[in-house]
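The chain contents come next:
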Amino acid sequence: MPIITTVAVTAFLTALAQKGVDKAFETGSEKVSEDAYNWIKSLFYKDHEPKKILKELQDNPEDVEKLSNAAAIINNSIEDDPKFEAYLKEIIQKMPKAVNAISNSKNVITGNVNTGGGNFINGDNNNQMSK
């Protein structure tokens, strides 16, 4: 799965754990195909209930081991049938993109910094001793 990054899969799995399959897809600008939706749902749900791995992720969405196990489920499915890789690509492309926002921090640089070849230090004190 070289084209689909681990970061993208992890972000998707985290969204799936936090929101559930239906809400994870409802805010995207484009709809995921029914085949892709049904495939991913079959991996993590049985009888409309989350399977064990998804329940564990819901309890702790940041658990690296659980995320790795869930990614392995996806990878095993793709190994069983390579057409599922196209479904995963579609899901990753159409999932709502997370926007990182930093607020109320004085040590954030939002523009370009051109020091003209000099040093640039951002933040408080910077391990500099007062003279």
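Our subject is the structure that appears above.
Here the structure is a predicted model, which is why all the values come from computation and not from measurement.

The rules behind these values
- Residues numbered from 1 in each chain as written.
- Predicted model: local features only at pLDDT ≥ 70, side-chain atom pairs only at ≥ 80, totals over all residues.
- Heavy atoms only, no water.
- Phe/Tyr/Trp six-rings, centres within 6.5 Å; stacked < 30°, edge-to-face > 60°.
- Helix = DSSP H or I, 4+ residues; strand = E, 2+ residues; numbered from the N terminus.
- Buried < 20%, exposed > 50% of the residue type's maximum accessible area, 1.4 Å probe, protein only.
- Axes fitted to C-alpha atoms, helices over the stretch in contact; angles between N-to-C directions.
- Parallel < 35°, antiparallel > 145°, perpendicular 65-115°, else oblique.
- Contact = heavy atoms within 4.5 Å.
- Nonpolar A, V, L, I, M, F, W, Y, C, P; charged D, E, K, R; others polar.
- Arc of directions from axis to C-beta.
- Core = buried A, V, L, I, M, F, W, Y, C linked by side-chain atoms within 4.5 Å.
- Salt bridge = Lys/Arg side-chain N within 4 Å of Asp/Glu carboxyl O.

Draft legend 1. Layout of the packing of aromatic side chains. One pass over the structure, following the stated rule, counts three aromatic pairs. Summarising the aromatic geometry, the rings of Phe84 and Tyr87 are spaced 5.8 Å apart at their centres and angled 40° between planes, so their arrangement reads as tilted. Placement of the pair is Phe84 and Tyr87 together in helix H5 (residues 83-94), with a separation of three residues, close to one helical turn. The same class applies to Phe84 as to Tyr87, namely buried. Grouping aromatic residues by their ring pairs yields a cluster made of Trp39, Phe84 and Tyr87.

Draft legend 2. Representation of the packing of helix H4 (residues 64-80) against H5 within the structure. Viewed as axis vectors pointing N to C, H4 and H5 meet at an angle of 135°, and their least axial separation amounts to 6 Å. By the angle class used here, H4 and H5 are oblique. On H5, the residues that touch Ile74, Ser77 and Ile78 of H4 are Phe84, Glu85 and Leu88. By residue class, the composition of the contact of H4 with H5 is four nonpolar, one polar and one charged.

Draft legend 3. Structural context of helix H3 (residues 52-59). All of the buried residues along H3 are Ile53, Leu54 and Leu57. The buried side chains of H3 occupy one side of the element, clustering within an arc of 95° when seen end-on. Every exposed residue of H3 that faces more than 90 degrees away from the buried side is listed here: Lys52 and Asp59.

Draft legend 4. Structural view of the side chain of Thr14. Tracing the chain through its elements places Thr14 in helix H1 (residues 6-26). For Thr14, a relative accessible area of 14% translates into the label buried. Among all residues touching Thr14, those that are not within four sequence positions of it are Pro61, Glu62 and Leu67.

Draft legend 5. Quick look at the side chain of Glu90. Within the element layout of this structure, Glu90 appears in helix H5. You can call Glu90 buried: its relative accessible area is 14%. In this structure, Glu90 is in contact with Lys31, Val32, Ser33 and Ala36, ignoring residues within four places of it in sequence.

Draft legend 6. View of the nonpolar core. Formed by 29 residues in total, the largest nonpolar core has its most connected members in Phe12, Leu13, Trp39, Ile40, Phe44, Ile74 and Ile91. The set of elements that each furnish at least two residues to this core consists of H1, helix H2 (34-44), H3, H4 and H5. The dominant element in this core, judged by the number of residues it contributes, is H1, at eight residues. In this structure, Leu13 is in contact with Phe44, Leu57, Leu67, Ala70, Ala71 and Ile74, ignoring residues within four places of it in sequence.

Draft legend 7. Examining the pattern of salt bridges more closely. On inspection of all chains with the given rule, the structure shows three salt bridges. In this structure, Glu56 and Lys66 form a salt bridge, with 3.5 Å as the shortest nitrogen-oxygen distance. Residue Glu56 is found in helix H3, and its partner Lys66 is found in helix H4; the two are separated by 10 residues along the sequence. Judged by relative accessible area, Glu56 falls into the partly exposed class, the value being 24%.

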